[in-house]
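Topology and contacts: notes
Below, each chain spelled out in residue letters.
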Amino acid sequence: MRNTLLAIVLLATTSVLVAAQASAAEVDFSGNGQFWYRYNDYGVCDKTTGVCQQMSDSAFMLKRARLKMDADLTNVVSFFSQVDFTGGPELGAMTTPLQVDFWTTLKFHKFFQFTAGQFIIPIGYEGPRAPYDFELVTYSLIWGPGRTYAGQQLGFFPYLRDLGAYFHGDIHGFNYRVGVVNGQGIYQSESILKGGNKWKDVFGRAGYHKKLGEKGSVGGGISYYGGWEGSAEEYDLIYKKMRLGVDAKFEFKGLLAVAEYMYGITEVMDTEKTTATSIAIRPIESWGTYIMLGYTIPGKVKLQPIVRFDYLDTDGRGVPRPDLMDGDMALQRQGIMGITGGVNYYFSKNAKMTLVYERLIPQDGLSKQYTNLDNEPQDIVEDQLILQLGVSF
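For clarity, every value in this text was computed on a predicted model and none was experimentally measured.

What follows deals with the packing of aromatic side chains. The tally for this structure, following the rule as stated, stands at 18 aromatic pairs. Taking the centre distance of 5.1 Å and the plane angle of 50° together, the rings of Tyr37 and Phe60 count as tilted. Placement of the pair is Tyr37 in strand 1 (residues 26-45) and Phe60 in strand 2 (residues 52-72), with a sequence separation of 23 residues. Its relative accessible area of 62% is what places Phe60 among the exposed residues. When the centroid spacing of 5.2 Å and the interplanar angle of 85° are considered together, the rings of Phe157 and Tyr225 count as edge-to-face.

Here it is in structure tokens:
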């Protein structure tokens, strides 16, 4: 299947190049790479026994190596392709090279365009941005690709990308995107055969962006994502999910401020109430937010110190924690806080170096414990130090 897909991609790419040359269309190639040194502490928990360990590792890695092709075939039709040769946090252990993006756009008008293919779900602020453009090299907790605590996946969109189609446009600062996707990520496009998703998900975002002369800009938007998972014929027999978000960005004279909030409901099987003859479903309500602040120091040496504060509440109702052994049986909120600080040094617009330190701080309702060498209970720690060299062309 993978070889077939790669053959199709190469054939389509060749066809695009031939068509572009025949019509004198513009074809632009670009790309970027991110080389990391990372030291991190992390937790590993056995799902069967519940026993946890504190681990650590240190590694040099080529985090991303991406090649992009953008072709304007006519005044109406354009094409975009992006291949990753190494992977990335959202790609996991997928075999590379991997086709991460592949879409065609029909441009009828600035405010009425249509895109179909494989793409990052175009809602919110952080999600649709390219990882190379991140001021801090990791995703926030509310988006989640590559983010775990003691092996537990965090975030509302850990898969980031999906297959589908959407309408979009931008005129006089007003912009919108509304469309439909499969609902389980790009690796589950055959999900019906895999026992997954028969129903589709819908999404949309409405926003506004305004430039503040040459010194900055201000913008924001409201996003919605909703859908269902399952293969049953009736809606009452499938799992529902919904995300509602708001985002805002302000930059002026080197100052940068970004904030994003997202609320979500995800239905899961209630194992305590499910029986041999009936399945009980319970909704998990959760929300998350982050605030990112930075400042680019003026001068020949372009430095940008930056900090981000995250919070992700994974279940607003909370759960009892008898394992804390403190006699308190009140419901404990399941939440986790993230604090990330770093600095960017820009050699040029095509090269930068970033140093980042990040720590995840769980609340009692989420924290996992292990026993250290002195037989004392300790909370699992999740933190990492990353030094990145990024280049683009």
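It is worth spelling out the state of the cysteines at this point. Summed over all chains, the structure comprises 1 disulfide. With a sulfur-sulfur separation of 2.2 Å, Cys45 is cross-linked through a disulfide to Cys52. Between Cys45 and Cys52 the sulfur-sulfur dihedral comes to about 110°; the bridge is accordingly right-handed.

It is worth spelling out empty space enclosed by the protein at this point. If you walk through the whole model with that rule in mind, you get 3 cavities of 30 Å³ or more. Taken together, Tyr125, Glu126, Arg129, Phe134, Glu135, Leu136, Thr138, Tyr290, Met292 and Arg308 form the lining of the largest cavity. Here the lining of the largest cavity is built from residues that sort into 5 nonpolar, 1 polar and 4 charged.

Here Asn175 is to be found in strand 9 (residues 174-181). The exposure class of Asn175 is buried, given its relative accessible area of 15%. When neighbours within four sequence positions are excluded, Asn175 is seen to be in contact with Gly169, Asp170, Arg205, Ala206, Gly207, Tyr208 and His209.

Cut-offs applied
Residues numbered from 1 in each chain as written. Predicted model: local features only at pLDDT ≥ 70, side-chain atom pairs only at ≥ 80, totals over all residues. Heavy atoms only, no water. Phe/Tyr/Trp six-rings, centres within 6.5 Å; stacked < 30°, edge-to-face > 60°. Helix = DSSP H or I, 4+ residues; strand = E, 2+ residues; numbered from the N terminus. Buried < 20%, exposed > 50% of the residue type's maximum accessible area, 1.4 Å probe, protein only. Disulfide = S-S within 2.5 Å. 1 Å grid on protein atoms, 1.4 Å probe; cavity = no way out; pocket = protein on both sides within 12 Å on 5 of 7 lines; lining within 4 Å. Points joined across faces, edges and corners; volume = space filled by probe spheres on them. Nonpolar A, V, L, I, M, F, W, Y, C, P; charged D, E, K, R; others polar. Contact = heavy atoms within 4.5 Å.

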